[in-house]
Amino acid sequence: MDYTSSNKQFTFDVNKSTLIKKDNRNFINVLGIKQLNTLQNVSLLDIFLSKSNVVEPHYHQNAAELVYCISGAAIISLLNPDTKKIQNYQITPGQVANVPQGWWHYEIATVDNTHLLAIFDAPTPEVILGSDILKFTPSNIMAHTYCMDENQWKEAIASVQPSTYIGPPKDCNREKEKSSKQHSQHKNNYAYHYYPYTTPYPFHYNYPCGPTPYS
């Protein structure tokens with residue numbers, strides 16, 4: 001790299017480089033070689049989260065990640081590909097968690113005003129997001145691969161937005177969804193009690209694929 005060139009940058013305001021913004025308390029700023037052209041094998045994400053907000057499950061195909069907690073607290077969760085187990089690490093100010101390159105992971109804030117710094121050993125922090133995998137993999141492939149009903153799969157991921165980055169969405173209303181499910185279950189229980197022969201049998205065989213004998 002020619003450091004004598006007049007177009008070389010040695011300083012940058014990361015506050016002016018927003019990667020994603022959910023709201024004023026949940027957003028991520030980015031610094032990579034596109035923002036600061038003298039960077040080599042280093043880049044970072046400046047992450048701000050309020051309680052219960054999560055940087056969605058994802059992995060970095062080109063870099064390891066070191067997550068440093070500046071303020072607040074967060075749980076950094078990794079899927080260890082060797083043990084096939086989730087490893088959870090809570091970090092508070094001054095503590096770090098290391099995410100090896102290519103490992104599936106996510107971060108969730110446990111208190112408000114959480115501030116994390118994610119540092120990468122690559123000039124650009126490339127990422128593959130869980131929301132993109134769910135949304136862009138053809139539904140017929142997912143259904144066929146895992147022996148699922150394709151319409152049920154489509155319904156399950158209907159509310160998933162590509163490139164979510166920070167979840168849950170601002171319009172998420174889990175209490176309303178929970179209430180609707182409870183109401184539906186109540187109706188089903190009522191129908192079974194009074195009309196037992198119009199609903200599925202209370203006992204059945206569990207088949208891995210296809211309809212049951214009573215379908």
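Our structure's up above, just so we're on the same page.
Calculation rules
Residues numbered from 1 in each chain as written. Predicted model: local features only at pLDDT ≥ 70, side-chain atom pairs only at ≥ 80, totals over all residues. Heavy atoms only, no water. Pairing = 2+ DSSP bridges. Helix = DSSP H or I, 4+ residues; strand = E, 2+ residues; numbered from the N terminus. Axes fitted to C-alpha atoms, helices over the stretch in contact; angles between N-to-C directions. Buried < 20%, exposed > 50% of the residue type's maximum accessible area, 1.4 Å probe, protein only. Contact = heavy atoms within 4.5 Å.

Peer 1: What exactly am I supposed to notice about the sheet that holds strand β8 (residues 96–99) here?
Peer 2: Paired through backbone hydrogen bonds, the strands of a sheet run either parallel or antiparallel to each other. Taken in spatial order, the six strands line up as β1-β2-β3-β10-β5-β8 in an open sheet, and their pairing is antiparallel. A strand with exactly one partner marks an edge of an open sheet, and here the two such strands are β1 (18–23) and β8. This sheet shows a mean twist of 15 degrees between the axes of neighbouring strands, independent of strand direction. Examined bridge by bridge, strand β5 (residues 65–71) and β8 share four bridges and lie antiparallel to one another. Counted as the bridge partner of Y68 is V96 from β8.

Peer 1: Help me understand the environment of I33, please; the structure alone is not making it clear to me.
Peer 2: In this structure, I33 sits in the loop between β2 (26–31) and β3 (43–49). Classification of I33 as partly exposed rests on a relative accessible area of 33%. Put simply, I33 and P125 are 92 residues apart on the chain and 9.6 Å apart in space, counted from C-alpha to C-alpha. Excluding residues that lie within four positions of it along the chain, I33 makes contacts with L39, P123 and T124.

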